Amino acid sequence: MRKIFKLILNLVPRPLLIRLSYFIKPVLAFFLKGKTFTDPIDGKSFKTFLPYGYGTQRNNVLSPSTLSLERHRLLWLYLKNETNFFSDDELKVLHFAPEQAYYKRFRKLKNLDYTTTDLESPLADIKADICNLPFKDNSYDVILCNHVLEHIPDDTKAMQELYRVLKPRGMAILQIPQDLNRETTFEDDNITDKKERAKIFGQYDHVRIYGLDYFKKLRSIGFRVDEIDYMAKLSTKDIDKYCLSSKEIIPVCYK
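All values reported here derive from a predicted model rather than from experimental measurement.

Conventions used here
- Residues numbered from 1 in each chain as written.
- Predicted model: local features only at pLDDT ≥ 70, side-chain atom pairs only at ≥ 80, totals over all residues.
- Heavy atoms only, no water.
- Axes fitted to C-alpha atoms, helices over the stretch in contact; angles between N-to-C directions.
- Helix = DSSP H or I, 4+ residues; strand = E, 2+ residues; numbered from the N terminus.
- Parallel < 35°, antiparallel > 145°, perpendicular 65-115°, else oblique.
- Left-handed = near helix turned anticlockwise from the far one by under 90°.
- Contact = heavy atoms within 4.5 Å.
- Nonpolar A, V, L, I, M, F, W, Y, C, P; charged D, E, K, R; others polar.
- 1 Å grid on protein atoms, 1.4 Å probe; cavity = no way out; pocket = protein on both sides within 12 Å on 5 of 7 lines; lining within 4 Å.
- Points joined across faces, edges and corners; volume = space filled by probe spheres on them.
- Patch = residues over 30% accessible without salt bridge, like charges linked within 9 Å, V, L, I, M, F, W, Y side chains within 5 Å.
- Areas by Shrake-Rupley, 256 points an atom, 1.4 Å probe, with all protein chains shown as cover.
- Salt bridge = Lys/Arg side-chain N within 4 Å of Asp/Glu carboxyl O.
- Lys, Arg positive; Asp, Glu negative; His and termini not counted.
- Charge placed at Lys NZ, Arg CZ, Asp CG, Glu CD.
- Buried < 20%, exposed > 50% of the residue type's maximum accessible area, 1.4 Å probe, protein only.

> Help me understand the packing of helix H5 (residues 155-165) against helix H7 (residues 213-221) in this model?
Angle between the axes and distance between the axes are the two parameters that describe a pair of packed helices. Running from N to C, H5 and H7 point in directions that differ by 55°, and their axes come no closer than 9 Å. The angle between the axes of H5 and H7 places the two elements in the oblique class. For the crossing formed where H5 meets H7, the hand is right-handed. From H5, Asp 155, Thr 156, Met 159, Gln 160 and Tyr 163 reach across to H7, where they touch Tyr 214, Lys 217, Leu 218 and Ile 221. Of the residues contributing to the contact of H5 with H7, the split by class is 5 nonpolar, 2 polar and 2 charged.

Here's what the structure looks like:
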């Protein structure tokens, strides 16, 4: 089953994969159910999670029920335990490239005025270019934009647009794949081979690998940035139980 799953991930385009997953998830959840690991998003437990990754695969990281990865589960715990996202507070939310693990759950929250956007995702309410958003200034209380900016050639323009449509005192969570051992961000348009790009940037369609200077760049746009190491607040037991990674800093940005 693992080999078949790996083949599907490598060959099937992501929009089609999203549609197929509605049929695949119940089968995976049934065969892998157990008590060793728990997905905090839906509370279901399994004997193992699935492998995931383009090129080099990480073992035991993809939840069979929600298809969440480590970063999704960590962000869910942060939003639930540390913010008013799941409270009775009314929030206008803009969600870029909405993750399937969140989509239906966020849509059902009565306190959220919830809009999704992307150029290609079938889950997007509005098809839009992140560098030229069709939204008014100061429109949203919360912006979720996770693992998107590494795909955008002009990430400065994208950050400026995110800042523009965020309300004063609003919160934007702008997660990216980040090498915490790298001081400066690296990109090179001359690397065109897909395998080489996947090796260097983590995925063939990534245009850069962010370093620690990512936070500085966000601040240069105007954001106030809190670098949240939420793993430090969790017990080793919970980290193992939820299959979380210790290499994720959540950039929580305010206007």
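Picking up after the structure, the text goes on.
> How should empty space enclosed by the protein be read in this particular structure?
Rolled over the atoms, a probe with the dimensions of a water molecule shows which regions are left empty. For the coordinates displayed, the defined rule picks out 1 cavity of 30 Å³ or more. Computed from the structure, the largest cavity encloses a volume of approximately 40 Å³. Around the largest cavity, the lining residues are Ile 176, Gln 178, Leu 180, Lys 247, Glu 248 and Ile 249.

> Can you walk me through a positive patch on the surface in this structure?
Residues Lys 44, Lys 104, Arg 105 and Lys 108 make up a contiguous surface patch of positive charge. Mapped onto the elements, Lys 44 comes out in the loop between strand E1 (33-38) and strand E2 (45-46). Residue classification places Lys 44 among the partly exposed positions, given a relative accessible area of 46%.

> Any chance you could explain the pattern of salt bridges here in plain terms?
Should the charged atoms of two oppositely charged side chains come close, the side chains can pair. With the rule as written, the count across this model stands at 11 salt bridges. One salt bridge in this structure joins Asp 141 and Lys 167, with 3.4 Å as the shortest N-O distance. Placement of the pair is Asp 141 in strand E8 (residues 140-145) and Lys 167 in strand E9 (residues 166-173), with a sequence separation of 26 residues. A relative accessible area of 21% places Asp 141 in the partly exposed class. Across the pair Arg 224 and Asp 226 runs a salt bridge, and its minimum N-O distance is 3.7 Å. Because the salt bridges share partners, they merge into one network encompassing Asp 155, Glu 187, Arg 208 and Lys 217.

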